[in-house]
Amino acid sequence: WDSFEEATFPSGDGEWTVSTTGNETDQWRLTGDKSLTGLLSITSPDLSNEDQDASVANATLATNPEWGAGTLTFSLFSKLARPADAFLWYLDGVGEGFRLEPTSDWETIEIEIGPGAHTVTWSYAQVQDNSQGSVFIDDVFFTPDDQGRL
């Protein structure tokens, strides 16, 4: 369970990592601007740049290799500005879903994962410099299949 209340993002142990193409100084970060539970969530960066180049910022979670099969759940709030922004999520580099529009409230999204180590990557893409969009992620947790929740 990660509601980011321990204020350790990205984590020093490699569980959470961040990367950006384009402007390397802007990364996903902790924020108190919007959260589903508690006081903190993570948010995408402002990727605008002088050259108006497209940029992508990634937040990646490495799952515990000892986990069995189950469901990874996260909550999403989108303030995307169409057509300038996109939000995508991947399991082991394979696209699992995307959003192109803002949401009116938090929504819960589930990703089915098999046993063993995996990476889940959340990508915010800003393709036009004039974008004012952003994405918030909160309440990331894993539920093993053997607990009867699907």
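Please read these numbers as outputs of a predicted model, since none were measured by experiment.

A. Expanded view of the pairing of strand S10 (residues 135–144). Summarising burial for S10: eight of the 10 residues are buried, a large majority. As judged from the two bridges shared by strand S3 (residues 41–43) and S10, these two strands associate in the antiparallel manner. Within the sheet, the bridge partner assigned to Ile 42 lies in S10 and is Ile 137. With eight bridges connecting them, strand S5 (residues 70–78) and S10 associate as antiparallel partners. Looking at S10, one finds that Gly 70 is bridged to Pro 144.

B. Representation of the sheet that holds strand S7 (residues 94–99). In spatial order, the strands read S1-S4-S9-S6-S7; together these five strands make up an open sheet with antiparallel pairing. This sheet does not close on itself; its edge strands, each paired only once, are strand S1 (16–21) and S7. Ignoring which end each strand starts from, the neighbouring axes of this sheet average 20° apart.

Calculation notes
Numbering of residues starts from 1 in every chain and runs along the sequence as written. This being a predicted model, a pLDDT of at least 70 is required before a residue's local features are given, and a value of 80 or more before pairs of side-chain atoms are given or counted; all residues contribute to the totals for chains, interfaces and linings. Excluding hydrogens and water, the side-chain values take into account all heavy atoms of the structure. For every residue, the accessible area obtained with a 1.4 Å probe (protein chains only) is divided by the maximum for its type, and the residue is called buried under 20%, exposed over 50%, and partly exposed between those limits. Segments assigned H or I by DSSP are reported as helices when at least four residues long, segments assigned E as strands when at least two residues long, and all are numbered from the N terminus. Note on pairing: two strands pair once DSSP finds at least 2 bridges between them. Here, axes are lines fitted to C-alpha atoms. For helices the fit covers the stretch in contact, and angles between N-to-C directions go from 0 to 180 degrees.

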